[in-house]
Amino acid sequence: MSSAPGARTKLRYRWSHRNPVHRAVVRSANRVLPHVPFRVKYGLTDAIRRRNPPYSLLTPTSSVVQVGAPRDTLLAGRSRAMGFALRTRPSGRVLVVEPDATSVAEFRRVAAAQRLSHVEIVQAGAWSERGTITLEVDPEHPATNFTDGTADYTAEERARFTTVEVPAAPLDELIAEAGLEHVDLVSITTNGAEEPGLRGLEHTIERDHPYICLARTEDSYEEVMAGRGYELLASDDRGFTFRHRP
């Protein structure tokens, strides 16, 4: 087995939203960037990302699933879900799965304003089975939201979060309900809940062998994905992209 993905990750990608310096930088940026015109900030991020996976793997006809679309990254011009939506217009399909109701409403508003009719967003947690999950929500920084039991925050750190119950479902079922007959890429950025999301994706993996992107929360993901017949393709600012081995 090769070394952990983190060992080959560029230093500038090794961000952690739990680092106080990182949080301070993000908070400062999030106060300014929502006031920058949409086309300017997303034009800049697209220019930076388009030549690298996972964005370079997409075409205007790709079908993509993105799990996680917090409103602070959306308004700051850093939303992976929005980046995928812009890379796949006008003829692709994008299914966005986001458990936080406020973030869902904001994404729908922005998508409608940009006339992104090929995008569907559903409020749900991506999990291994139908039910409910307990979501810990940071109102000021929803990109740090996490599912209870998937992160080891201290009591002091957890004080800034509020607790809500949200519906959860396997991605296979959400994909079927959206009418996606084929999926080219699945990205799961859920702050530690990537593995339950993968367990609910087994049918799609077997059927389509999509590229799979996982957030940088575990160094064991290379082994996890190897067991599903995948190998590491690339790393980026959000995590790792895996491809199915021929």
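Structural notes, computed from the coordinates. As the structure is a computational prediction, the values presented were derived from the model and not from experiment.

### With respect to the packing of aromatic side chains
- Per the counting criterion, the structure on display carries five aromatic pairs.
- Taken together, a centroid distance of 5.3 Å and an interplanar angle of 50° make the contact between Tyr-55 and Phe-84 tilted. Highlighted residues: Tyr-55 in the loop between helix H2 (38-49) and strand E1 (63-67) and Phe-84 in helix H4 (residues 80-87), separated in sequence by 29 residues. One exposure class covers both Tyr-55 and Phe-84, and it is buried.

### Observations concerning the layout of surface pockets
- There is about 210 Å³ of room inside the second largest pocket.
- Together, Phe-38, Arg-39, Tyr-42, Gly-43, Asp-46, Leu-86, Arg-87, Arg-89, Ala-113 and Gln-114 line the second largest pocket.
- If one sorts the elements of the lining of the second largest pocket by residue count, H2 sits on top with five residues.
- Of the residues belonging to the lining of the second largest pocket, the class tally is four nonpolar, two polar and four charged.

### Points about the environment of Ala-193
- Here Ala-193 is to be found in the loop between strand E8 (185-188) and helix H8 (194-199).
- For Ala-193, a relative accessible area of 3% gives the class buried.
- The contact partners of Ala-193, leaving out residues within four places of it in the chain, are Trp-127, Thr-147 and Thr-150.

### Brief notes about H4
- With seven of its eight residues buried, H4 lies for the most part within the structure.
- Considered for burial, the residues of H4 that qualify are Arg-80, Ala-81, Met-82, Gly-83, Phe-84, Ala-85 and Leu-86.
- Between a side-chain oxygen at the N-terminus of H4 and the backbone nitrogen of Ala-81 the separation is 3.3 Å; the capping residue is Ser-79.

### Here's the deal with the nonpolar core
- One finds Val-65, Leu-95 and Leu-171 to be the most contacted residues of the largest nonpolar core, which totals 27 residues.
- Elements that contribute at least two residues to this core include exactly E1, strand E2 (93-98), helix H7 (171-177), E8, strand E9 (211-215), helix H10 (221-226), strand E10 (230-235) and strand E11 (239-244).
- Broken down by element, this core gets its largest block of residues, three residues, from H7.
- For Leu-171, the contacting residues outside a window of four places in its chain are Val-65, Val-67, Val-97, Ala-126, Trp-127, Val-186, Ile-188, Gly-197, Gly-200 and Leu-201.
- Grouped together as the second largest cluster of nonpolar side chains are 23 residues, Tyr-42, Leu-86, Leu-116 and Ile-121 included.

### Overview of the pairing of E8
- Going residue by residue along E8, you find Leu-185 and Ser-187 tucked away on one face and Val-186 and Ile-188 tucked away on the opposite face as well.
- Sheet topology note: the E1/E8 ladder contains four bridges and is parallel. In the strand pairing of E8, Val-65 is matched with Val-186.
- Here E8 pairs with E9 via four bridges, running parallel. The residue bridging Leu-185 from the neighbouring strand is Tyr-211, located in E9.

### Observations concerning empty space enclosed by the protein
- Overall, the coordinates contain one cavity of 30 Å³ or more when judged by the stated rule.
- Taken as a whole, the largest cavity spans an internal volume of roughly 60 Å³.
- Lining the largest cavity, in full, are Tyr-42, Thr-45, Asp-46, Arg-49, Tyr-55, Gly-83, Leu-86 and Arg-87.
- Every element with two or more residues in the lining of the largest cavity is listed here: H2 and H4.
- Tallying contributions element by element places H2 first for the lining of the largest cavity, with four residues.

### Some remarks on the pattern of salt bridges
- Inspection of every chain in the model, using the stated rule, returns 17 salt bridges.
- A salt bridge links Arg-160 to Asp-138; the shortest N-O distance between them is 2.8 Å. In this pair, Arg-160 is assigned in the loop between helix H6 (155-158) and strand E7 (162-169) and Asp-138 in the loop between strand E5 (131-137) and strand E6 (146-147), connecting sequence segments 22 residues apart.
- Glu-231 is paired through a salt bridge with Arg-243; the nearest N and O atoms lie 2.9 Å apart. Highlighted residues: Glu-231 in strand E10 and Arg-243 in strand E11, separated in sequence by 12 residues.
- Overall, Arg-243 belongs to the partly exposed group, its relative accessible area being 35%.
- Each of Glu-195, Arg-199, Glu-202 and Arg-228 takes part in a single network of salt bridges with overlapping partners.

Thresholds, definitions, all that
- Residues numbered from 1 in each chain as written.
- Predicted model: local features only at pLDDT ≥ 70, side-chain atom pairs only at ≥ 80, totals over all residues.
- Heavy atoms only, no water.
- Phe/Tyr/Trp six-rings, centres within 6.5 Å; stacked < 30°, edge-to-face > 60°.
- Helix = DSSP H or I, 4+ residues; strand = E, 2+ residues; numbered from the N terminus.
- Buried < 20%, exposed > 50% of the residue type's maximum accessible area, 1.4 Å probe, protein only.
- 1 Å grid on protein atoms, 1.4 Å probe; cavity = no way out; pocket = protein on both sides within 12 Å on 5 of 7 lines; lining within 4 Å.
- Points joined across faces, edges and corners; volume = space filled by probe spheres on them.
- Nonpolar A, V, L, I, M, F, W, Y, C, P; charged D, E, K, R; others polar.
- Contact = heavy atoms within 4.5 Å.
- Polar contact = N/O pair within 3.5 Å; in protein donor to acceptor, adjacent residues only side chain to side chain.
- Core = buried A, V, L, I, M, F, W, Y, C linked by side-chain atoms within 4.5 Å.
- Pairing = 2+ DSSP bridges.
- Salt bridge = Lys/Arg side-chain N within 4 Å of Asp/Glu carboxyl O.

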